[in-house]
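# Structure at a glance
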Amino acid sequence: MEPGERMRLSSASLEGDPREENKLKQGISQDLISSPKLDRYKIARQLTEKAIKEKKIFSIYGHYPVIRAALRRKGWVEKKFHFLPKLLPSGDDDSAGVTEHKPADGKEKQEAALEETDDIHDVMSRLVKNEMPYFLWTIKRDVIDYHNLNCDQVLNHYGKTASFTTKIGLCVNMRNLPWYVQANPDSFFPRCYGLGTKSEKQEFLDDFRRTAASSILKWVVSHQKSCSRSGPGDSGPGDKTAAEDAEPGPVGLAAELVDTACRVCRAYLGQLEHRDIDGPEDAAPALTEAEWEDLTRRYYSLVRGDAFISNSRNHFSQCQALLSKITSVNPQTEIDGLRNIWIIKPAAKSRGRDIVCMNRVEDILERAAADDLPAGDSKWVVQKYIETPLLIYDTKFDIRQWFLVTDWNPLTVWFYKESYLRFSTQRFSLDRLDSAVHLCNHSIQRRLQIQQDRSPLLPHHNMWTSTRFREYLQKRGLGAVWAGVIYPAMKRAVANAVRAAQDHVEPRKNSFELYGADFILGRDFQPWLIEINSSPTMHASTPVTARLCAQVQEDTIKVVVDRRVDRNCDIGNFELLWRQPAVELPPFQGSDLCVEGNSAGPALGGRAVGVAGVPPQPFRGPLTGDGLRVPPRVVRLGDSGQDSPGQGPGATGLLRSVFRGS
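Below, the discussion takes up the overall build of the chain. Helix and strand content of the chain: 21 helices and 18 strands. Per-residue burial over the chain gives 48% buried out of 662 residues. Relative to all contacts within the chain whose residues are 6 or more apart in sequence, the contacts with residues 24 or more apart total 69%. Of the roughly 33,700 Å² that the chain leaves accessible, carbon and sulfur atoms contribute 51%.

Relative orientation and spacing of two packed helices are given, respectively, by the angle between their axes and the distance between those axes. At a minimum axis distance of 11 Å, the contact between helix α11 (residues 256-272) and helix α13 (residues 289-304) shows a crossing angle of 120°. The handedness of the crossing between α11 and α13 comes out as left-handed. Residues Glu 256, Leu 257, Thr 260, Ala 261, Arg 263 and Val 264 of α11 form the contact with α13, whose own contacting residues are Glu 291, Trp 292, Leu 295 and Arg 298.

With that out of the way, let us pick up the pattern of salt bridges. Counted under the stated rule, the structure contains 34 salt bridges. Glu 506 is paired through a salt bridge with Lys 160; the nearest N and O atoms lie 4.0 Å apart. Of this pair, Glu 506 sits in the loop between α20 (480-501) and β14 (513-521) while Lys 160 sits in the loop between β4 (154-155) and α8 (162-165), and the two are 346 residues apart along the sequence. Residue classification places Lys 160 among the exposed positions, given a relative accessible area of 56%. Residues Arg 304 and Asp 306 are paired through a salt bridge, measuring 2.8 Å at the closest nitrogen-oxygen approach. Using a relative accessible area of 37% as the deciding quantity, one classes Asp 306 as partly exposed. When salt bridges that share partners are traced, they join Glu 256, Asp 294, Arg 297 and Arg 298 into one network.

Spatially, the four strands line up as an open sheet ordered β5-β10-β8-β9, and their pairing is antiparallel. Looking at which strands have only one partner, the edges of the open sheet turn out to be β5 (192-194) and β9 (356-358). Averaged over all pairs of adjacent strands, the angle between their axes in this sheet comes to 25°, without regard to strand direction. The pairing of β5 with strand β10 (residues 380-384) spans three bridges and is antiparallel. Looking across to β10, one finds that Gly 194 is bridged to Val 381. Contacting β8 (342-346), β9 and β10, helix α16 (residues 361-369) runs over the sheet at an angle of about 140° to β9.

Before going further, it helps to examine the side chain of Ser 301. With respect to the helices and strands, the residue Ser 301 is situated in helix α13. Using a relative accessible area of 17% as the deciding quantity, one classes Ser 301 as buried. Apart from the residues within four sequence positions on either side, Ser 301 is in contact with Asp 306 and Ala 307.

Residues in a regular strand point their side chains to alternate faces of the sheet. Where burial is concerned, most of β10 is hidden: five out of the five residues are buried. Residues Trp 380, Val 382 and Lys 384 line one face of β10 and the alternating positions Val 381 and Gln 383 line the opposite face, and both faces are buried. Bridging between β8 and β10 involves five bridges; their strand directions are antiparallel. Across the sheet, residue Lys 345 finds its bridge partner in β10, namely Val 381.

On average, residues of the chain carry a pLDDT of 80, and 70% of them reach 70 or more. Across residues 238-246, confidence stays below pLDDT 50; counting only partners more than four residues off in sequence or on other chains, it has five contacts.

Below, the discussion takes up the sheet that holds strand β2 (residues 77-78). One open sheet accounts for four strands, arranged β2-β1-β3-β4; its pairing is parallel. Two strands bound the open sheet, and with one partner strand each, they are β2 and β4. When strand β1 (residues 57-61) meets β2, the two strands line up parallel, connected through two bridges. For Phe 58, the partnering residue across the bridge sits in β2 and is Glu 78. Strands in contact with helix α5 (residues 65-73) are β1, β2 and β3 (135-138); relative to β1, the strand with the most contacts, it is inclined by about 175°.

The rules behind the values
- Residues numbered from 1 in each chain as written.
- Predicted model: local features only at pLDDT ≥ 70, side-chain atom pairs only at ≥ 80, totals over all residues.
- Heavy atoms only, no water.
- Helix = DSSP H or I, 4+ residues; strand = E, 2+ residues; numbered from the N terminus.
- Buried < 20%, exposed > 50% of the residue type's maximum accessible area, 1.4 Å probe, protein only.
- Contact = heavy atoms within 4.5 Å.
- Areas by Shrake-Rupley, 256 points an atom, 1.4 Å probe, with all protein chains shown as cover.
- Axes fitted to C-alpha atoms, helices over the stretch in contact; angles between N-to-C directions.
- Left-handed = near helix turned anticlockwise from the far one by under 90°.
- Salt bridge = Lys/Arg side-chain N within 4 Å of Asp/Glu carboxyl O.
- Pairing = 2+ DSSP bridges.
- pLDDT = per-residue confidence, 0-100.

What follows is the structure in structure tokens.
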């Protein structure tokens with residue numbers, strides 16, 4: 001190409017053919033590669049000047065090549081951070097963060113030097129080193145001075161989001177949900193407790209004991225049904241003689257255990273109906289601590305298979321009726337299962353770190369008591385484990401679902417139409433409480449070998465797209481379940497969670513944030529919200545995340561950048577989930593009391609004094625709680641604006657109304 005043609009090309013990049021401009025922005029034109037450095041510098045300078053004029057300067061902290069490429073295609077120029085450490089904090093649940101400016105060795109170092117010299121984007125970055133970036137994408141909010149940003153600088157984070165992006169924050173937030181939304185958190189969020197105070201520990205202990213009692217009723221019902229299927233009679237596993245079984249068999253438990261469990265369940269139902277407050281004085285007394293310990297000990301033996309309940313069929317109808325009533329008022333009865341398993345999580349960690357499953361209350365409380373924290377602080381939360389999850393080929397999975405918040409006041413939330421499933425490497429079993437079986441976080445599963453007897457129909461990288469999941473459901477005659485049950489329920493759960501957190505988040509304008517919500521499906525396909533992550537991982541760890549993570553990042557740029565210019569632009573797979581209607585303050589209609597002055601004179605004589613030649617102005621005092629303005633006590637002020645003792649000012653003095661109370 002002749003020099004004249006290259007100059008025309010550079011001119012076209014600013015005024016002419018958009019296709020040529022795109023080539024320059026992407027830095028991939030073969031003509032540019034072979035161009036003299038002088039021409040490349042001119043082209044870079046022209047593009048940079050245009051970007052500065054249009055305020056298209058951006059900075060990225062973290063490994064986000066998709067965001068960088070998407071912005072460059074739109075004419076943005078990167079101002080590079082020069083203070084990056086060697087290691088970056090990681091995303092929510094995946095591999096450790098990778099710095100983009102780590103030292104290179106050998107061939108990589110030579111390639112980096114070559115790129116620094118020849119890449120037009122590197123030249124443009126040096127030209128904007130003294131410019132202010134107008135778009136900031138960082139892996140964590142604390143990387144920058146959040147509170148000193150200019151109002152026109154866009155940031156991909158909000159402040160004070162811990163109210164729903166930490167485990168303890170979401171736990172507390174869901175308890176307060178009914179104050180903000182007409183929804184029952186127990187219908188989509190497994191009940192959860194902090195373990196930082198005595199009252200919280202007692203609430204958890206009461207729940208564990210109630211769940212143990214209802215599990216005893218479930219054992220009776222399930223045992224009787226299994227006996228009915230196997231044949232008549234009610235011979236428990238402990239009816240074998242020593243001759244038939246040399247090993248000591250299960251121990252028979254007295255039927256009074258069922259009576260005690262029924263008594264606990266009736267008291268629980270009474271509490272829900274407030275009969276514990278208005279009920280009769282002759283109501284059954286609560287269990288003593290010794291009785292609770294005895295019930296818990298025998299319950300452990302029962303669910304371990306070391307014991308059985310004699311003559312359980314005599315209690316079948318009673319237990320079934322009570323369970324039916326409990327199910328009608330407690331939507332978590334089905335997911336509770338029989339084992340009373342709880343999952344213990346660090347209050348503010350991610351990526352599945354230090355999470356364990358336990359089914360003995362004393363072990364759970366002991367773990368929480370091991371940390372010496374100030375009163376009220378909680379390092380651990382305990383949440384009811386979903387013992388009856390939906391399985392695919394006998395394997396547990398969870399769903400990672402993205403959503404985007406572009407404003408907190410008014411609240412504006414976008415929901416992503418695509419998501420992905422993460423499978424465990426092990427077949428599901430409640431006999432093993434190993435995290436390898438029960439936690440589907442990729443950061444955990446990627447380090448494990450796939451169990452030999454796990455279905456070969458599952459991918460070796462342990463992920464499906466939601467599209468692949470819908471195909472799986474379609475083949476089983478359940479094609480309507482995703483659109484009719486799963487997807488709308490996930491949308492409701494996310495909307496409820498962010499609406500309850502709205503008052504706690506800093507509603508900075510010109511910020512946005514992409515979040516990752518994790519769900520587990522019950523056997524009835526109802527999704528249960530487990531947690532919400534800020535800075536969800538965008539690492540291309542598998543073929544599934546390589547495609548979907550790149551796609552959601554590009555679509556995020558469409559919503560937060562393109563839509564500022566064109567409200568009807570393409571927004572990819574995002575759809576508007578919630579936009580809070582604008583609320584107009586009602587006009588004030590209370591009594592408007594004021595103090596007015598009419599004339600000036602040496603003596604007040606009980607009248608207000610104004611400035612000569614200036615009509616007195618009415619006072620607008622503050623409102624009281626009932627909407628009325630409180631008339632102030634009038635205080636004489638001198639010309640200096642200070643309170644004047646004694647005679648006060650002359651005709652040129654000023655009476656100012658100061659609200660000081662009477």
